[in-house]
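Letter by letter, the chains look like this.
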Amino acid sequence: MPTVDRTKYAPATGLTRGAYVLADAPDGKPDVLLLGTGSEVDLCVQAYEKLKAEGIKARVVSMPCCELSSARTRPTAPR
């Protein structure tokens, strides 16, 4: 699995939340979302670069821990 070039793509600061934006559209408003949970993150980054070259705004999200990410989005049970 290739290593992500952190000088070109965002740091993994959201890792503790289960997912983070690795690459984003220049205006932060993507037309398409590319989500990878493991080895396919590299494919998402490659697709991002190709889409960007074609003028399509994309966002790449790396989600190495689906459990942490989904736990953050669950509604809280009433007490």
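Criteria and thresholds
- Residues numbered from 1 in each chain as written.
- Predicted model: local features only at pLDDT ≥ 70, side-chain atom pairs only at ≥ 80, totals over all residues.
- Heavy atoms only, no water.
- Helix = DSSP H or I, 4+ residues; strand = E, 2+ residues; numbered from the N terminus.
- Buried < 20%, exposed > 50% of the residue type's maximum accessible area, 1.4 Å probe, protein only.
- Contact = heavy atoms within 4.5 Å.
- Areas by Shrake-Rupley, 256 points an atom, 1.4 Å probe, with all protein chains shown as cover.
- Pairing = 2+ DSSP bridges.
- Axes fitted to C-alpha atoms, helices over the stretch in contact; angles between N-to-C directions.
- Right-handed = clockwise from strand over helix to strand, strands pointing away.

1. Things to note about the overall build of the protein
Across its full length, the protein holds two helices and three strands. Along the protein, helices (α) and strands (β) appear in the sequence β-β-α-β-α when read from the amino end. Looking at the protein as a whole, 25% of its 79 residues qualify as buried. Within the protein, contacts between residues at least 6 apart in sequence are counted, and of these 71% link residues at least 24 apart. Within the structure as shown, the protein displays about 5500 Å² of accessible surface, and the carbon and sulfur contribution to it stands at 57%.

2. Side note on the sheet that holds strand S3 (residues 58-62)
The mixed open sheet is built from three strands, whose spatial order is S1-S3-S2. The sheet terminates laterally at strand S1 (20-23) and strand S2 (32-36), the two strands that pair on one side only. On average, each strand axis in the sheet is tilted by 35° relative to the strand beside it, whichever way the strands run. Across the sheet, helix H1 (residues 41-53) is in contact with S1, S2 and S3; its angle to S2 comes to roughly 160°.

3. Focus on the pairing of S3
Where burial is concerned, most of S3 is hidden: four out of the five residues are buried. Here three bridges tie S1 to S3, and the two strands are oriented antiparallel to one another. By the bridge assignment for S3, Ala 23 is matched with Val 60. With respect to chirality, the unit in which S2 leads through H1 into the neighbouring parallel S3 is right-handed.

By themselves, these figures tell us nothing about what the structure is for.
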